[in-house]
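Each chain is listed here by its residues.
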Amino acid sequence: MIEEYCQIDMKEDKTDNLMKIDELKQLKNEILSEIGNSSTYEIVEEKRIKYLSKKGMIPELFSKIKEVQNQDKKEFGQILNSLREEAYELINRLKAGFSNNEDNKIDLTLPGRKLPVGKYHPLYKMRDEIKQIFRQMGFSVAIGPEIETEHYIFDALNMPEWHPARKVTDSLYVDKDSQLLLRTETSSVQIRTMEKSDPPYRIICPGRVYRNEKENSTHTAMFMQLEGLYVDENVSFAELKGTLLAFFKHLYGQETNVRFRPHYFPFTEPSAEVDVTCFKCGGDGCSLCKNSGWIELGGCGMVHPKLLENVGVDSEKYTGFAFGLGIERLTMLKYGLNDIRDIYENDLRFLEQF
Amino acid sequence: MKISAKWLKDYIDFDIDASNANEIAHRLAILGFESEAVEYVNKNYENFVVGKVLECSKHPDADRLTVCKVNVGDEDLQIVCGAPNVKEGQTVPVALVGAQFPDFKIKKAKMRGIESNGMICAEDELGLSDNHDGIMVLDDKYNPGTPLKDLFGFEDHVFDLEVTANRADALGYLGFGREFAFLTGKKLQIPEFELKESNVKIEDNINIEIQDTDACPRYSARLIKDITVKDSPKWLQEKLIAVGLRPINNVVDITNFVLMETGHPLHAFDFNDIAGKKIIVRKAKNGEEFTTLDDNKLKLNDDILLICDVEKPVALAGVMGGLNSGVTEKTTDVLLEVAYFNLADIRHTVKHTNILSDSSKRFERGVDPNNAEFVVDRAAALINELAGGETTKGIFDVYPKKIKELTIELRLSRTEKLLGFKIDKEDIIHSLNSIDLRTEVKSEDVLSVQVPTFRPDITREIDLIEEVVRLYGYDKIPDQTKSNVDLKINEDPEELEIDNIREQLVNMGLIEISAKSMVDLKYCLPFEKKPIRIQHPLNEEMNHLRNSILTSLANIADKNIRRKYDSINIFEVGKIFYEINGKLEEKNSFAVLLSGINRKQQWNESELEYDFYDIKGIVERFFELKKVNDVKYENKDIPDYFNRSQSLSVFRNGNKIATFGKLSTDTTRIFEIKSDIFCFEMLVEDCMELKGECTIKELSKYPKVKKDLSVLMNDDEESLTIANVIKKYGGKELINILTTDHYKGEQIDPDKKSYTFRMEFQSMDKTLTDKEIDKIFNKIINGLKKDLNVEIR
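What comes next is a walk through the structure. (Residues numbered from 1 in each chain as written. Chains lettered and ligands numbered in written order. Predicted model: local features only at pLDDT ≥ 70, side-chain atom pairs only at ≥ 80, totals over all residues. Heavy atoms only, no water.)

### Observations regarding the side chain of Asn 249 of chain B
Residues and elements named next belong to chain B. Following the sequence through the fold, Asn 249 ends up in the loop between helix H5 (234-242) and helix H6 (250-262). Among the polar contacts listed, one links the side chain of Asn 249 to the backbone nitrogen of Val 252, at a separation of 2.9 Å. Residue contacts for Asn 249: discarding those within four places in its chain leaves Val 229, Lys 230, Ser 232, Val 327 and Thr 328. (Helix = DSSP H or I, 4+ residues; strand = E, 2+ residues; numbered from the N terminus. Polar contact = N/O pair within 3.5 Å; in protein donor to acceptor, adjacent residues only side chain to side chain. Contact = heavy atoms within 4.5 Å.)

And the structure:
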């Protein structure tokens, strides 16, 4: 029908050059349905050439507008415009649908080829995250030796002679005669930092510490601690609470809250244990927090003036706070791990899951 | 420390019940006394009543059973009883039908054909003691039908408090009560008692000598004569049981009771076992022997403080009494000791003997040296009340140098500065006063605080500030943050480098591991550095510190291979430790280890095992990422733990900075690994020296042309030699040389091998014509032929 009409139209140019609006409307429908019936990409392309290419039928029809009766010209043009647009759209849509070449059909169910991917260890990943948060708050990372002298581990920390942590049997010594042992706290780094320069200090010291402790699901002889220290003029207990609150909010979310409970540490006064809103139940009470709604995550306090005096810092002018967290515990809580030993087992089947 | 709410009520009129127990626990935690558990004890004896045995007759079919008629108030019940001591006329506890026992419930039952409607109970069945000798016989004053709850029933909440190491004063009801009174706003009631003394003077009966007044600043004693040792009354037993102590006899129970009440340990000796009627406080002799109350034989050293008579030691001072002088049923005269010992001396004894007692726990934290009179009098009065006897006149008190109270000044301005917020002056005065830290206003800013001797933990202003904020409430501390940025860069460069290395290695697809620093010596041995021994290792698997990261990596590789994990590509950055010239050193180091399958078989490619070129690729890429292009790889200075023919050392400016390659079979054998191991280790500090610069080159706008060239050469010829010659003749248009193929096989001479090099040509100024490229290419070919003995294929 279309072919026929065109031929007639072209041939009998002069005899009846006035195409009627109704005819054009019908023609439009026929063209669109013909394109729509295309069953392959190639056929769509053929139709495109037939109707939309420079020498195609639709441009041809446009050129005939001048032959249309004046009163119909406008409508004729509108119909042609819409035909051109719709045909163009339809062809593009069909092409997109056919663009997968059927000749190269592949088995889509075969597994994809993956590029090798490296993994950070979950413990270090947690440490990185913690470092990142504290860096945002203006803390820098300080490091120090793992083999330390008793001075930096106990004496400089105001650890009383009788303190249980001082028991030889609780620490791992490498040379008792020269009082060298594996550090039991990263606090030694804080002391070293304070000895080296003048306040202000705002540091975190993440690192390995060692205890002569029987290993079980919650203890290992070596673990990773994170301690922080901030000494300046006018550093206060309230700021300590604010800082830890900010940290835990970054780590566990905006709704997190922090609770302080009085405690005793030889190196801080006042001291506190830090509880954080249980992030599993949001504080309602669950098995993770033993129904308390709180999870104990660390200890903190205002640096004992004696410690500052020991390193020659004016304890009247400067005040400061310190805190300590166990990175394993934070890691275990984050991933729901039950046994700290898994962290150090390095079973690759375990590590590849992170 | 266990606090029974019921007992506590003796001193503070405050009820703790199910409705407020948890809230109290919470408030106590905020005050610094966290409870590990709040135990609810409920003995309401529902369906238990007092009964009167009206008649007894033998069971027709069972010799040991008695059929009883028991009045329980409204009715008479027939009850079959198995106890031998049941008799007519006894007043007894009866469990009625429906009464609940831990593992059964009383029902109407037939026993050997005879109906039984309840059970007459023994003491153990009521949970009153362990006694199961027969039924319990009650005082006749109780009327049948009286609920048993009225006799024995009690409800209690027991707080298992965690008292921090500095607060010995809270390890007693009165000390804890001081805090609890503050918490509840009630008044602490100190028990009142009257002690009657006989006319016999204590000094006429005993002498006391302290030889070491540093170790024992005070020793006080009272002597009580003609007492009767027997079981304690119920009220006392109950109290002790509630806090987890086993009742023994009235005298021992009283010493325990007073210890719990006052927090001050005391000891009772059988006075008749004290030879020479003299107490001598002295240090032990080295090797001296002593047997404790609980029959523990000890060998002592001269750090240990002893309480002795003229012949023998009778107690480990402040820790435990001796078996030779304890109070038994035969005791008639007791000597009550209330002493104050130096904290460190008690700790020596505890450390040496490993005995932790209720007594040592308090002495080593520091008890009040100045409450001896109250403690010893309280105990003596109770002994007179419960065991009879007469207290001799006076306290034998050796206290040569009185320990005085401290006076400390507290500045309100300092308090506010340190806390970051202001607490009202009147509140501070009020709260300090309420825990007996007596304050006096010195000036607008300064309070003078008198610290009683039961608070040895308070020695300077900061300790008072802690008290102020503790009493104010840790839950009311505001959150403050100040935002300020340091102008000074404080980051440790090594730490930054470590993170940089980790990032590079992870980006190369490697898995980071975290291994312990402690390893078995045998794993350290292959490596060059001298390992450091741990002096008291937990076990032999952790007796040394690792001297190479490879000890850890190889160990982990082995464990994973055993688990059939077949593709190992791991790294770690961490400390290594070693001894050098008698000094202990520790350095950050990092290592990479590859073993097993590199690319697992996928559906269109074959499985590849890791080989030397994989580790080399990692090393080359590592330096490439560091923008370092002046390192040289040479097959020399290879440590013994590597396989020399598949290893290279990395040199920079003539210094060796690392070695990588295949581990020798001797090494892998030590780790019990059968597969090939390829690895690389380098010190972080050496890595920090590598400061390559990232320079961005201008890019050419003209097309690049590739040309391949296959070269046939002798087997022992190295590809680098060829590449260098190609470079030499390639001119500036040759921008890249890649080795794209390596062939050895049937099509060529067995002594030869073939490499295919792909050369890329490009000019910065123009499009290279075919003619121009052919010219360079021919120059290269001719150069190769001229300089080397090779054939072009």
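Back to the text.
### Remarks on the state of the cysteines
Residues and elements named next belong to chain A. Tallied over the entire structure, the rule returns 0 disulfides over all chains. With no disulfide of its own, Cys 205 has Cys 300 as its nearest cysteine by sulfur position, at a separation of 15 Å. Not engaged in a disulfide, the cysteine Cys 289 finds its nearest cysteine sulfur in Cys 281; these two sulfurs lie 3.7 Å apart. Take Cys 289: its relative accessible area is 4%, and that puts it in the buried class. (Disulfide = S-S within 2.5 Å. Buried < 20%, exposed > 50% of the residue type's maximum accessible area, 1.4 Å probe, protein only.)

### Concerning the interface of chain B and chain A
A common way to state how big an interface is: give the accessible area lost once the parts meet. Between chain B and chain A, the contact holds 84 residues from the first and 91 residues from the second. At the boundary of chain B with chain A, total buried surface from both sides reaches about 7600 Å², with 53% on carbon and sulfur atoms. Contact with chain A buries area across many residues of chain B, yet Tyr 474, Ser 514 and Trp 603 of chain B alone supply 8% of it, more than any other trio. For the interface between chain B and chain A, the tally reads 16 salt bridges. Among the salt bridges present, the one from Lys 131 of chain A reaches Glu 495 of chain B, with a minimum N-O distance of 2.8 Å. Between chain B and chain A we count 41 residue pairs in polar contact (both at pLDDT 80 or more) in total. Its residues placed into classes, the side of chain B that touches chain A shows 33 nonpolar, 19 polar and 32 charged. (Buried area = accessible area lost by both parts, 1.4 Å probe. Salt bridge = Lys/Arg side-chain N within 4 Å of Asp/Glu carboxyl O. Nonpolar A, V, L, I, M, F, W, Y, C, P; charged D, E, K, R; others polar.)

### Notes on the sheet that holds strand S29 (residues 532-533) of chain B
Residue and element names in this part refer to chain B. Taking strand neighbours across the sheet as the criterion, the 3 strands line up as S28-S30-S29 in an open arrangement whose pairing is antiparallel. Either end of the sheet is taken by a strand with one partner, and the two such strands are strand S28 (518-519) and S29. The pairing of S28 with strand S30 (residues 544-545) spans 2 bridges and is classified as antiparallel. The residue bridging Val 519 from the neighbouring strand is His 544, located in S30. (Pairing = 2+ DSSP bridges.)

### Observations concerning the sheet that holds strand S25 (residues 438-441) of chain B
All names here are of chain B. Across the sheet, 3 strands lie side by side as S24-S26-S25; this open sheet has antiparallel pairing. Edge positions in the open sheet fall to strand S24 (406-411) and S25, since each of these has one partner strand only. Adjacent strand axes in the sheet meet at a mean angle of 25°, parallel and antiparallel pairs treated alike. With 6 bridges connecting them, S24 and strand S26 (residues 446-451) associate as antiparallel partners. Each bridged residue has a counterpart across the sheet, and for Glu 409 the counterpart in S26 is Ser 448. Running at roughly 65° to S24, helix H12 (residues 461-472) makes contact with S24 and S26 of the sheet. (Axes fitted to C-alpha atoms, helices over the stretch in contact; angles between N-to-C directions.)

### Concerning the pairing of strand S37 (residues 677-683) of chain B
Residue and element names in this part refer to chain B. Burial runs high along S37: 7 of the 7 residues are buried. Residues Ile 677, Cys 679, Glu 681 and Leu 683 line one face of S37 and the alternating positions Phe 678, Phe 680 and Met 682 line the opposite face, and both faces are buried. For strand S32 (residues 583-599) and S37, the ladder comprises 7 bridges, and the chain directions are antiparallel. Across the sheet, residue Leu 593 finds its bridge partner in S37, namely Cys 679.

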